[in-house]
Amino acid sequence: MLIAHRTAYLLSHRLCQIYRINPTSNMSLDSDKEAQIRHQRESELKRKAYRDMKEETRKVLKHARIETPTPEPDAVGLPRKRFYRQRAHSNPFSDHRLDYPQEPSCMEWQKLYPHYFDETTGTMSKNVEIADIGCGYGGLLIQLATAFPEKLSLGMEIRVQVTQYVEDRIIALREQNKDAEQYQNVAVLRGNAMKFTPNFFFKGQLSKMFFCFPDPHFKQRKHKARIITSTLLSEYAYVLREGGIIYTITDVEDLHKWMAKHLEEHPLFERKSVEWEKNDKCVQLMMNSTEEGQKVERNKGSKYVACFERLPTPEDCD
Ligand SMILES: C[S@@+](CC[C@H](N)C(=O)[O-])C[C@H]1O[C@@H](n2cnc3c(N)ncnc32)[C@H](O)[C@@H]1O
């Protein structure tokens, strides 16, 4: 028995020599894999612990007015993006068990913009006017706060952790700028713009809607998941006021053509000229401030812009 064992060992060793295989390579492969899995698990635990710590602050400060005392000065620092990363795509058709108001009048905006809530009348002194749809990590949204200090801007984002990152970013910025009372006019909510936009906004409430670097859904059978389609454009036209603007930007030429074609074909939208784009401050903002836009810039990619004005609704349609 022992001899048979030894012979088998010598034989396998010889075969390894012939085929130049390291006899312990499988073992080391296994332990490499185990180490990798252990490392991934440890990193995920670390990321989760960080997010849990931030969640404590978020619970206290998310809906807080300026005068609310800060719990832990350190905990209100700007969040670190790497702790919130999440896989790139979220299926817009799946049931995410999202919170959404039954109709716009049921929306509790004071929770997102507590500074603009008038306690004596129980009403908001301003309504959301600018929406950044699929705001990602919030680069544009944060810029909108100071570019339009008189207006309320909202980011709508479908991914949980990405939304939490933006929430924590806004909390930190509000804390750090509380003397100047800045960033009270921006907020983010987790929502699926393809399903619930008219639940959040009244007819004609918005003056600007941004669609920056939307998911391209390259395959033809996935085109229906694109955030701009003829049907969705009618919903966007409903919540946009006459003269309001839809801004689109992407680095995918095919998607740019798709968005421009659908908007051009829609009777309630008209394309703005290149000259107009050059002079519009929002075009400049969306070119450079979003995280995707900055990535495209680093990789020296192209950016395609198309902006459309919401036309007056024909009288017989009102
Ligand atoms: C490629 S990223 C661009 C993010 C950001 N606009 C930028 O330019 O950096 C597209 C974002 O849209 C979000 N998104 C996709 N479908 C959505 C939907 N139906 N409603 C809200 N957000 C959505 C994704 O989760 C993702 O964060």
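Just so we're clear, the structure is a prediction, and the values are computed from it rather than from any experiment.

(A) Structural context of the site of the ligand. The environment of the ligand is formed by 23 residues, the closest being G134, G136, I158, T290 and E292. For the shell around the ligand, the secondary-structure elements that each account for two or more residues are β4 (152–157), α5 (193–200) and α10 (291–298). Looking at the shell around the ligand residue by residue, the classes come out as 11 nonpolar, seven polar and five charged.

(B) Examining the UniProt feature "active site" (unreviewed entry) in the chain more closely. Those residues carrying the UniProt feature "active site" (unreviewed entry) are D215 in this numbering. Mapped onto the fold, D215 is located in the loop between β6 (206–212) and α6 (230–239). The class for D215 is partly exposed, based on 18 C-beta atoms found within 10 Å.

(C) Just the environment of F93, in detail. Mapped onto the elements, F93 comes out in the loop between α2 (25–61) and β1 (117–118). Remark: the alpha-carbon pair of F93 and N192, spanning 99 residues in sequence, is separated by 8.9 Å.

(D) Highlighting the pairing of β6. Across the seven residues of β6, six count as buried, placing the element largely inside the fold. The pairing of strand β3 (residues 128–133) with β6 spans four bridges and is classified as parallel. Bridging from a neighbouring strand, D132 pairs with F210 of β6. Sheet topology note: the β6/strand β7 (residues 240–250) ladder contains six bridges and is parallel. Bridge assignment links M209 to a residue of β7, and that residue is I246. Taken together, β6, α6 and β7 form a β-α-β motif whose crossover is right-handed.

Reading the values: rules and limits
- Throughout, residues of each chain are indexed from 1 in the direction in which the sequence is written.
- Confidence filtering applies because this is a predicted model: local features only for residues at pLDDT of at least 70, side-chain atom pairs given and counted only at 80 or more, and all residues used for totals across whole chains, interfaces and linings.
- The rule is simple: place the C-beta atom from the backbone, and if it lies within 6 Å of a molecule or strand, the residue is near it.
- We count a stretch as a helix when DSSP gives it H or I for four or more residues in a row; a strand needs E for two or more, and each element gets its number in order from the N terminus.
- Amino acids are sorted into nonpolar (Ala, Val, Leu, Ile, Met, Phe, Trp, Tyr, Cys and Pro), charged (Asp, Glu, Lys and Arg) and polar (every other residue, Gly among them).
- UniProt positions are given in the numbering used here, feature names are shortened, and annotations may be inferred rather than shown by experiment.
- Think of it as a crowd count around each C-beta: if 20 or more other C-beta atoms lie within 10 Å the residue is buried, if 12 or fewer it is exposed, and in between it is partly exposed, with C-beta placed from the backbone throughout.
- Any two strands are treated as partners once DSSP identifies two or more bridges connecting them.
- Handedness of a crossover is defined as follows: with both strands directed away from the viewer, a clockwise route from the first strand across the helix to the second makes it right-handed.

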